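# Report on the structure
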Amino acid sequence: MAQKNLLPLILLGLLRDTKKTGYELKKDFETEIGEFWSVQHSQIYLELKRLTELKEISSTKGFFGSKIEKSYYEITPLGEERFEKWEKSFQNELAVNKDEFVLKLYFIKDKKDGRLQQLLKNQYGLHLEKLAHLNQRMKEVFSKIEKDQNYGHYLILNHAIKREEEYTKWLSDSLENIRQ
């Protein structure tokens, strides 16, 4: 099944509260959205152009400081309508998880395969780093604002922490299992 392009909807959602430049939208992907959705920076600008052509967002020029002209994007009523329609819809299937690490594990046949321990150790380290990062983000973001003020964001961050806790436990258990 073909994946649907959700980037336009993400951009519409990010523009619902305030005007933003392409650079500010890129930063949103590097910080918050990047925790669960990745995109190439060039895709953002192409999609902004498409959304402008569809009249779902509008673009105005403004100055940053006194010299640098930037384009500021904001959602239009047409874009609001599209976003709200999507927001109220439900998925009928689970998302496909594409994980190269899991794919490599699948093809290892023997518990004593020399690659297995290193593969697991590498992932364990990566997931410990990710868990530390997520815990730090939780402290940074939700010490400033109440979780009830942005409850969806809180739920996503909490989910990511729980996922990483379980994943690191599974990796640790797997490493212990192959040592026996």
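For the structure, see preceding data.
The paragraphs below set out a description of the structure included in this document. Bear in mind the structure is a predicted one, so any value in this text is a computation, not a measurement. (Residues numbered from 1 in each chain as written. Predicted model: local features only at pLDDT ≥ 70, side-chain atom pairs only at ≥ 80, totals over all residues. Heavy atoms only, no water.)

## Some details on the pattern of salt bridges
Taken as a whole and assessed by the stated rule, the structure comprises 16 salt bridges. Between glutamate 87 and arginine 16 there is a salt bridge, with its nearest N and O atoms 3.3 Å apart. With glutamate 87 in helix α4 (residues 77-87) and arginine 16 in the loop between α1 (7-14) and β1 (20-21), this residue pair connects regions lying 71 residues apart in the sequence. Judged by its relative accessible area of 45%, glutamate 87 falls in the partly exposed class. For arginine 16, a relative accessible area of 29% gives the class partly exposed. One salt bridge connects glutamate 176 with arginine 179, and the closest N-O pair in it is separated by 3.9 Å. Placement of the pair is glutamate 176 and arginine 179 together in helix α7 (residues 151-179), with a separation of 3 residues, close to one helical turn. Overlapping salt bridges, with partners in common, bring together Arg16, Glu80, Glu84 and Glu87 in one network. (Salt bridge = Lys/Arg side-chain N within 4 Å of Asp/Glu carboxyl O. Helix = DSSP H or I, 4+ residues; strand = E, 2+ residues; numbered from the N terminus. Buried < 20%, exposed > 50% of the residue type's maximum accessible area, 1.4 Å probe, protein only.)

## A short note on the packing of aromatic side chains
Considering all chains together, one arrives at 6 aromatic pairs under this definition. Ring centres of phenylalanine 142 and tyrosine 154 lie 5.5 Å apart, and the angle between their planes is 85°; this geometry places the pair in the edge-to-face category. Residue phenylalanine 142 is found in helix α6 (residues 114-144), and its partner tyrosine 154 is found in helix α7; the two are separated by 12 residues along the sequence. Across the pair, exposure class does not vary: phenylalanine 142 and tyrosine 154 are buried alike. Ring centres of tyrosine 167 and tryptophan 170 lie 5.5 Å apart, and the angle between their planes is 85°; on these two criteria the pair is classed as edge-to-face. Placement of the pair is tyrosine 167 and tryptophan 170 together in helix α7, with a separation of 3 residues, close to one helical turn. An aromatic cluster is present here, built from Phe101, Tyr167 and Trp170 joined pairwise through their rings. (Phe/Tyr/Trp six-rings, centres within 6.5 Å; stacked < 30°, edge-to-face > 60°.)

## A short note on unusual backbone geometry
Even without a glycine there, the phi angle at lysine 55 is positive, about 65°. On the secondary structure map, lysine 55 appears in the loop between α3 (41-53) and β2 (57-64). Judged by relative accessible area, lysine 55 falls into the exposed class, the value being 57%.

## Here's the deal with the nonpolar core
Residues Leu11, Leu12, Leu25, Phe29, Ile44, Leu48 and Ile57 are the most contacted members of the largest nonpolar core, which totals 19 residues. Of all the secondary-structure elements, those providing two or more residues to this core are α1, α2 (22-30), α3 and β3 (68-75). Ranked by the residues each element gives to this core, the list is headed by α1, at 6 residues. Aside from chain neighbours lying at most four places away, what touches isoleucine 57 is Leu12, Leu15, Leu48, Leu51, Thr52, Tyr73, Glu74, Ile75 and Thr76. (Core = buried A, V, L, I, M, F, W, Y, C linked by side-chain atoms within 4.5 Å. Contact = heavy atoms within 4.5 Å.)

## Focus on the layout of surface pockets
Empty space within the largest pocket amounts to approximately 2,600 Å³. Considering the residues around the largest pocket, the lining is formed by 49 residues, among which Leu6, Ile10, Phe36, Trp37 and Ile156 are closest to the centre. Those elements that place two or more of their residues in the lining of the largest pocket are α1, α4, α6 and α7. If one sorts the elements of the lining of the largest pocket by residue count, α7 sits on top with 9 residues. Tallied by class, the residues present in the lining of the largest pocket amount to 21 nonpolar, 14 polar and 14 charged. If you trace the second largest pocket, you find it lined by Lys4, Asn5, Leu6, Leu7, Trp37, Ser38, Val39, Gln43, Leu46, Glu47 and Arg50. When residues in the lining of the second largest pocket are grouped by element, the largest group, 4 residues, is from α3. Split into classes, the residues belonging to the lining of the second largest pocket amount to 5 nonpolar, 3 polar and 3 charged. (1 Å grid on protein atoms, 1.4 Å probe; cavity = no way out; pocket = protein on both sides within 12 Å on 5 of 7 lines; lining within 4 Å. Points joined across faces, edges and corners; volume = space filled by probe spheres on them. Nonpolar A, V, L, I, M, F, W, Y, C, P; charged D, E, K, R; others polar.)

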